[in-house]
Amino acid sequence: MRERIWQVGKRVFDVSRHGLIMGVLNVTPDSFSDGGEFLITDKAIERGLQIAAEGAHIIDVGGESTHPGSQPVTADEELQRVIPVLEELGRKVDVPMSIDTSKAEVARAAIKAGASIVNDVTGGRGDEQMLPLIAETKSAFILMHMQGTPHTMQIQPRYTDVVAEISEFFRQQYARAIGLNIDPMAIAFDPGIGFGKTLEHNLELLAQLERLRAHDRALVVGVSRKSFLGKLIGSPEMSDRRIPGLALTSLLRARGADVLRVHDVKENVYALQVGEAILQRAK
């Protein structure tokens, strides 16, 4: 397999050889996955330390919910939620941290507080200052696709060819980023499973991951605890989505995913390790 590098600050990850687990840390009152369990700063820090101890390669900190139907929050509110957490975790763990935000103001403060990755659900479209900031700070950037906004994205999402349209979006945004002098090695792409997609759209994207890969960059995939898993297994219970998510960690790694964004870190670290042991033998 050809070497595929993702530059994250001073770290260089060859994601063609080893996949990465990105542990989710939602510092929000209305997260679909944990119901605001980590809104209190001390609890968020405790969970971040646990995420690191369980083997996550990246901690993804977010202060604004982006589940279907969610409402935006102000930059000030977002900053109050995430900056103390990033600062304290930066002092205590040696794990790259990501800021999950679409606001350049929040991203700038988070980078100053220790984040080395910006994970933007709008793919750089939500704030015209975001891409210039990435270039200025030499941060890694996860460029995600979303149709609509979190509040509207699941109201009848439509595509003529979902794989072709998202592939084209990646190519266009990549060209914009390179034109602004963002390091191509620092860019990763995320098809945004569940972000303006039906069940059928999600399945088609997951089945065609390699067709989505633009310029041989890393692919980030987040399926953890998402509602389409419940639809596939016929269960409304959030707890029942964990096992299908674990299965997908191994399967999607084999099908081209490089970074898996997950909530249940320890279990997914194990799933990735087992899957990669087999993939190494298959080379």
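Note: the structure precedes this text.
Bear in mind that the values here come from a model prediction, so they are computed numbers and not experimental data.

Chemist: Looking at this structure, I do not really get the environment of methionine 22. What am I missing?
Modeler: Positionally, methionine 22 belongs in strand 3 (residues 20–26). Judged by relative accessible area, methionine 22 falls into the buried class, the value being 0%. Each C-alpha atom, one on methionine 22 and one on leucine 260, is 5.9 Å from the other, the two residues being 238 residues apart in sequence. Among all residues touching methionine 22, those that are not within four sequence positions of it are Ile58, Asp60, Ser98, Asn119, Ile142, Val259, Leu260, Arg261 and Val262.

Chemist: When you look at the sheet that holds strand 9 (residues 218–221) in this model, what are you seeing that I'm missing?
Modeler: With respect to topology, eight strands assemble into a closed barrel ordered 3-4-5-6-7-8-9-10, the strand pairing being parallel. Neighbour-to-neighbour, the strand axes of this sheet turn through a mean angle of 25°, independent of strand direction. Across four bridges, the pairing between strand 4 (residues 58–62) and strand 5 (residues 97–100) is parallel. Note that in strand 5 the partner of glycine 62 across the bridge is aspartate 100. Seen against the sheet, helix 1 (residues 41–53) touches strand 3 and strand 4 and runs at an angle of roughly 170° to strand 3. Each of strand 3, strand 4 and strand 5 touches helix 2 (residues 75–92); the most contacted strand, strand 5, lies at about 175° to it.

Chemist: Help me out: how do you make sense of the side chain of serine 16 in this one?
Modeler: Looking at the element boundaries, serine 16 is found in the loop between strand 2 (11–14) and strand 3. Here arginine 4 takes part through its backbone nitrogen, which lies 3.3 Å from a polar atom of the side chain of serine 16. Here the side chain of serine 16 touches aspartate 14 through a polar contact of 2.4 Å, side chain to side chain.

Chemist: What exactly am I supposed to notice about the side chain of asparagine 202 here?
Modeler: Note that asparagine 202 resides in helix 6 (residues 199–207). With near-sequence residues (within four places) excluded, asparagine 202 lies in contact with Ile193, Gly194, Lys197 and Phe228.

Chemist: What is the right way to read the packing of aromatic side chains from this model?
Modeler: Remark: the centre distance and the inter-plane angle together describe each pair of aromatic rings, the angle taken between the planes. Per the counting criterion, the structure on display carries three aromatic pairs. Between phenylalanine 170 and phenylalanine 189, the aromatic rings sit 4.7 Å apart at their centres with planes inclined by 40°, giving tilted as the arrangement. Of this pair, phenylalanine 170 sits in helix 5 (residues 162–179) while phenylalanine 189 sits in strand 8 (residues 187–190), placing them 19 residues apart in sequence. The same class applies to phenylalanine 170 as to phenylalanine 189, namely buried. Geometrically, the ring pair formed by tyrosine 174 and phenylalanine 189 is tilted, given 6.2 Å between the ring centres and 40° between the ring planes.

Chemist: Looking at this structure, how should I read the nonpolar core?
Modeler: A general feature of soluble globular proteins is that nonpolar side chains tend to end up buried together. Counting residues in hydrophobic clusters, the biggest one holds 66 residues, and the most contacted among them are Leu25, Ile59, Leu86, Val221 and Leu252. Not counting chain neighbours up to four residues away, the residues in contact with isoleucine 59 comprise Gly23, Leu25, Gly48, Ile51, Ala52, Leu89, Val93, Val95, Pro96, Met97 and Ser98. If you look at the next biggest cluster of nonpolar residues, it comprises 14 residues, including Val8, Phe13, Ala218 and Val220.

Chemist: It is not clear to me how unusual backbone geometry should be interpreted in this structure. Could you clarify?
Modeler: Backbone phi values are negative for most residues with the exception of glycine, while trans is the configuration of most peptide bonds. Of note in this structure, histidine 215 is not a glycine but carries a positive phi near 55°. Here histidine 215 falls in the partly exposed class, since its relative accessible area comes to 47%. In this structure, arginine 225 is a non-glycine residue whose phi angle is positive, near 65°. Topologically, arginine 225 is positioned in the loop between strand 9 and helix 8 (227–233).

Chemist: Please clarify how the environment of tyrosine 270 should be interpreted in this entry.
Modeler: Its place among the elements puts tyrosine 270 in helix 10 (residues 265–282). Spatially, the C-alpha atom of tyrosine 270 lies 9.4 Å from that of serine 250, the residues being 20 residues apart in sequence.

Chemist: Explain the packing of helix 1 against helix 2 here, please?
Modeler: Axis angle and axis distance: for two packed helices, these are the angle between their axes and the distance between the axes, and together they describe the pair. Contact pair helix 1 / helix 2: the axes reach a minimum separation of 9 Å and the direction vectors enclose 40°. Note on packing geometry: the crossing formed by helix 1 with helix 2 is right-handed. In contact with Thr41, Ala44, Ile45, Gly48 and Leu49 of helix 1, helix 2 contributes Pro84, Val85, Glu88, Leu89 and Lys92. When grouped by side-chain class, the residues that make up the contact of helix 1 with helix 2 number six nonpolar, two polar and two charged.

Chemist: Mind showing me how you'd approach empty space enclosed by the protein here?
Modeler: The method is simple in principle: a probe with the dimensions of a water molecule rolls over the atoms, and the space it marks as empty is what remains. Applying the stated criterion across every chain, the model contains three cavities of 30 Å³ or more. In this model, the largest cavity occupies a volume close to 50 Å³. A per-element tally of the lining of the largest cavity places helix 9 (residues 242–254) first, with three residues.

Chemist: Mind showing me how you'd approach the pairing of strand 5 here?
Modeler: It is a general feature of regular strands that their side chains alternate between the two faces of the sheet. Burial along strand 5 is two-sided: Met97 and Ile99 and Ser98 and Asp100, pointing in opposite directions, are all buried. Viewed along the sheet, the connection from strand 4 through helix 2 into strand 5 turns out right-handed. Relative to strand 6 (residues 117–120), strand 5 runs parallel, the two being bridged by three bridges. The residue of strand 6 that forms the bridge with isoleucine 99 is valine 118. Handedness of the crossover joining strand 5 and strand 6 through helix 3 (residues 104–113) is recorded here as right-handed.

The rules we used
Residues numbered from 1 in each chain as written. Predicted model: local features only at pLDDT ≥ 70, side-chain atom pairs only at ≥ 80, totals over all residues. Heavy atoms only, no water. Helix = DSSP H or I, 4+ residues; strand = E, 2+ residues; numbered from the N terminus. Buried < 20%, exposed > 50% of the residue type's maximum accessible area, 1.4 Å probe, protein only. Contact = heavy atoms within 4.5 Å. Pairing = 2+ DSSP bridges. Axes fitted to C-alpha atoms, helices over the stretch in contact; angles between N-to-C directions. Polar contact = N/O pair within 3.5 Å; in protein donor to acceptor, adjacent residues only side chain to side chain. Phe/Tyr/Trp six-rings, centres within 6.5 Å; stacked < 30°, edge-to-face > 60°. Core = buried A, V, L, I, M, F, W, Y, C linked by side-chain atoms within 4.5 Å. Left-handed = near helix turned anticlockwise from the far one by under 90°. Nonpolar A, V, L, I, M, F, W, Y, C, P; charged D, E, K, R; others polar. 1 Å grid on protein atoms, 1.4 Å probe; cavity = no way out; pocket = protein on both sides within 12 Å on 5 of 7 lines; lining within 4 Å. Points joined across faces, edges and corners; volume = space filled by probe spheres on them. Right-handed = clockwise from strand over helix to strand, strands pointing away.

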